[in-house]
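Observations on chain architecture
Given next are the chains, with one letter for each unit.
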Amino acid sequence: MNVLHFVQAFFSDGAHWHGQDGIPTRVGEHILYSLQALAVAAAIGLPVGLVTGHFGRGGNALALIATAARALPSFGLLVLMFTWLGFGQLPVMIPLVALAVPPILVTSYEAIRSLDPSPVDAARGMGMSEPRVLVQVELPVALPLVLSGLRTAAIQIVSTATIAAYVSFGGLGRYIIDGLYQKNYEKVVGGATLVAGLALATLALFWAVSRIAVSPGVRRSG
């Protein structure tokens, strides 16, 4: 059987659409893990990246932190956290957050640093406070690049959240891990197809958010 036959057999099997191991349940679990990890990573990376970019300090430190975080193997970190912390969602979240923080952190920093300083200087000359300058002047113009960092992080999380299955969690990784153990390649290919589809859906979602959130003038200038 080729890959297309495996895909067709997986999705045409009614047993894969119901119960705890059904596609809707596994997709929902995968999305939940991904959203939680992205929310935590954004809560860490966005404020630090935007503020350091605004003041122009700490760029070298951010680059060092991002490089070190990118060098961490997600699966190795998962096993280490599971051994240290035991069973639970925290050992799953830590490697996913560690994977997602660097692109958010670095991209948000670069987004602010690459802006034309003239509007920023004008806003300061009008007496605007530094937080208002960042939120009302810099962030709207930097938003496309900031969203690109979030998009990159989201794609990486969706693709890597399959590792949750290694420590008996759910998500789409269950199909891949269980399929390999059972030598059920129909399930393996089906799970991989679902992960790829979810990654593409994530790209489409961020495209839609960008069309809504970014002003037409900023899109044209970009």
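Residues numbered from 1 in each chain as written. Predicted model: local features only at pLDDT ≥ 70, side-chain atom pairs only at ≥ 80, totals over all residues. Heavy atoms only, no water.

The biggest cluster of nonpolar side chains holds 37 residues, and the ones touching the most others in it are L38, V92, I104 and L150. Every element with two or more residues in this core is listed here: α2 (23-55), α5 (90-113) and α7 (130-160). Of the residues forming this core, the biggest block, 11 residues, is contributed by α5. Not counting residues up to four positions away in its chain, the partners in contact with L150 are L38, A42, L46, I104 and F206. (Core = buried A, V, L, I, M, F, W, Y, C linked by side-chain atoms within 4.5 Å. Buried < 20%, exposed > 50% of the residue type's maximum accessible area, 1.4 Å probe, protein only. Helix = DSSP H or I, 4+ residues; strand = E, 2+ residues; numbered from the N terminus. Contact = heavy atoms within 4.5 Å.)

Time to look at the packing of helix α1 (residues 3-12) against helix α9 (residues 185-213). Taken N-terminus to C-terminus, the directions of α1 and α9 make an angle of 85 degrees; their axes are 8 Å apart at the nearest point. Comparing the axis directions of α1 and α9 gives the class roughly perpendicular. Residues V3, F6, V7, A9, F10 and F11 of α1 pack against Y185, E186, K187, V189, G190, G191, T193 and L194 of α9. Taken together, the residues of the contact of α1 with α9 break down into nine nonpolar, three polar and two charged. (Axes fitted to C-alpha atoms, helices over the stretch in contact; angles between N-to-C directions. Parallel < 35°, antiparallel > 145°, perpendicular 65-115°, else oblique. Nonpolar A, V, L, I, M, F, W, Y, C, P; charged D, E, K, R; others polar.)

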